[in-house]
Amino acid sequence: MSHPLMHCKERPFICSDCGKGFSDLSQLQAHQRVHTRAFTCPVCGKGFAHSSHVLRHQRVHSGEKPFTCSDCGKAFTQSSHLQVHKRVHSGERPFICSVCGKGYTQSSDLMIHQRVHTGERPFTCSVCGKGFTHSSHLIRHLRVHSGEKPFTCSDCGKAFTQSSHLQVHRRVHSGERPFICSVCGKRCTQSSDLMRHQRVHTGERPFTCSECGKGFTRSSHLLAHQAVHTGERPFICSECGVGFTHSSYLISHQRVHTGERPFTCLECGKGFTRSSHLLAHQRVHTGERPFTCSICGKGFTESSHLHAHQRVHTGERPFTCSVCGKGFTHSSQLIRHQRVHSGEKPFTCSDCGKAFNQSSHLQTHQRVHSGERPYICPICGKGFIQSAELLKHQRVHSGEACSPVVNVGRDSLSYTTL
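Quick notes on the rules
Residues numbered from 1 in each chain as written. Predicted model: local features only at pLDDT ≥ 70, side-chain atom pairs only at ≥ 80, totals over all residues. Heavy atoms only, no water. Helix = DSSP H or I, 4+ residues; strand = E, 2+ residues; numbered from the N terminus. Rg over C-alpha atoms; globule rule 2.2 N^0.38 Å. Contact = heavy atoms within 4.5 Å. Polar contact = N/O pair within 3.5 Å; in protein donor to acceptor, adjacent residues only side chain to side chain. pLDDT = per-residue confidence, 0-100. Salt bridge = Lys/Arg side-chain N within 4 Å of Asp/Glu carboxyl O. Expected span 1.5 Å × (residues − 1). Buried < 20%, exposed > 50% of the residue type's maximum accessible area, 1.4 Å probe, protein only. Arc of directions from axis to C-beta. Disulfide = S-S within 2.5 Å.

## Examining the overall build of the protein chain
Looking only at helices and strands, one finds 15 helices and 30 strands in the protein chain. Relative to the 2.2 N^0.38 estimate, which gives 22 Å for 418 residues, the radius of gyration of the protein chain is 33 Å and therefore markedly larger than a compact globule would have. The dimensions of the protein chain, computed from C-alpha atoms along their principal axes, are 115 × 50 × 45 Å. In the protein chain, 8% of the contacts between residues at least 6 apart in sequence involve partners at least 24 apart.

## Thoughts on the side chain of H225
Its place among the elements puts H225 in helix α9 (residues 219-230). A polar contact is formed between the side chain of H225 and the side chain of H229, at a distance of 3.2 Å. Excluding anything up to four places from it in sequence, H225 contacts C209, C212, K214, F216 and F319.

## Let's talk about the confidence of the model for the protein chain
Considering every residue of the protein chain, the mean pLDDT works out to 84; 92% of them sit at 70 or more. Mean pLDDT values for the elements of the protein chain range from 40 in strand β30 (residues 414-416) up to 92 in strand β7 (residues 95-96). Overall, residues 401-406 carries pLDDT values under 50, and its contacts beyond four positions in sequence, including any with other chains, amount to 26 contacts.

## A word on the pattern of salt bridges
Throughout the structure, instances matching the rule amount to 11 salt bridges. When the shortest N-O distance is used, the salt bridge between R255 and E260 registers 3.8 Å. Residue R311 pairs with E316 through a salt bridge whose shortest N-O separation is 3.8 Å.

## So, helix α11 (residues 275-286)
The end-to-end C-alpha distance of α11, which contains 12 residues, comes to 17 Å, matching closely the 16 Å that a straight helix rising 1.5 Å per residue would cover. Looking only at α11, the buried set comprises L278, A280 and H281. In an axial view of α11, the angular spread of the buried residues amounts to 165°, which keeps them on one side of the axis. Among the structural elements, β19 (263-264) and β20 (271-272) are those in contact with the buried residues of α11. After α11 finishes, the residue G287 shows a positive phi value of roughly 80°.

## Quick word on helix α14 (residues 359-370)
Given a rise of 1.5 Å per residue, 12 residues ought to cover 16 Å, and the 16 Å separating the end C-alpha atoms of α14 matches this to within 8%. Listed as buried for α14 are L362, H365 and R367. In this fold, the buried residues of α14 make contact with α10 (247-258), β25 (347-348), β26 (355-356) and β27 (375-376). The first or second residue beyond α14 is G371, which carries a positive phi of 80°.

## Notes on the environment of P318
Among the secondary structure elements, P318 is positioned in the loop between α12 (303-314) and β23 (319-320). Measuring from C-alpha to C-alpha, the distance between P318 and R274 comes to 26 Å, with 44 residues separating the pair along the chain.

## What to know about the environment of E92
Along the chain, E92 falls in the loop between α4 (79-90) and β7. Note on E92: relative accessible area 41%, which makes it partly exposed. For the pair E92 and G103, spaced 11 residues apart in sequence, the C-alpha to C-alpha distance is 8.6 Å. When sequence neighbours within four positions are dropped, the list of residues in contact with E92 reads R87 and T105.

## A few points about the state of the cysteines
Under the counting rule described, the total for this entry stands at 0 disulfides. Of all cysteine sulfurs, the one in C181 lies closest to C184, which takes part in no disulfide; the gap is 3.8 Å. We classify C184 as partly exposed; its relative accessible area is 44%. Sulfur of C293: no disulfide; nearest cysteine sulfur belongs to C296 and is 3.7 Å away.

Listed below in structure tokens is the structure:
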């Protein structure tokens, strides 16, 4: 009698607890265990509606994973989990979104995805009201309010709000960089880092400044750049009062005062305040100039140098002085120029107190006290504090051919005709 009821969809057996209807009495009886949870785990006391559910649950405590993937050896506590996993190897995605056609390996993943189209966010934070498409996203978000960081690194003790963040962090200690650029072979610890890096090769700059049209590979770089137009510099150096648009710039700047140069070139021993400066410098030794101008073919060691150079061809000077109207190709040039009007000299010598408007001028001046003379004449061996002084000196050796300016610990060799 129950079989015909399935076709006519009659459901005469009604659950008194929730009102759900069933076509068969046995189905109702099985369902009622959801409300009673008659089967209990002897280890933790958790209740289940079916004895088979208790058996599966107990594997959490025993660690048993009897269902193993024949392709990769990964084991699972339930056969259904193994079936879903096998779709990773087969590429099967049987659950298709009717709106955009995207496929999923599980029906639950499709249900969550469909909320992108419907805008539904059924899981709401009780603290701030923010909505989420998935309960796990809400659980992670609640840690923002509670400050809970349950995932701790066993190597250094650093704690994280998400297990995935801990897994990525562990690569700092292991040195693992599993995401490899197919163009240059660079390795990254995260797939997102690789995606951003690949923009160096494609030239893609999806984040554009609405003020000057300058493009950036990262949204954080755009936010920092926008402060150039607003004048906002919220990160202030406690030593000299210079403001910066980004906290990382302040940290690097403070090394001017401390003299710290933690990034050292293994070839020549030169130290740098930033790792990016060391990477760019190392190209001096390798001769690599991966960033080439499409107009004149000139190569550069850094992409930012190429972008600044291209303005020579376009005539663009997007950074303008608000006092005198003079235009500059680079924001740093404008910042230095503005000190001409303000009289600001934020870089002070710790030995004699003399102040300078550029850090490079201070570095040159400090050689007066240290006795350092990095520019060596290749003919007579005399040393000089500045490359300009060496060029003048080389005129003494008249009649010589084009001779290199030996620059100890500097980024390049320059040439002059004697």
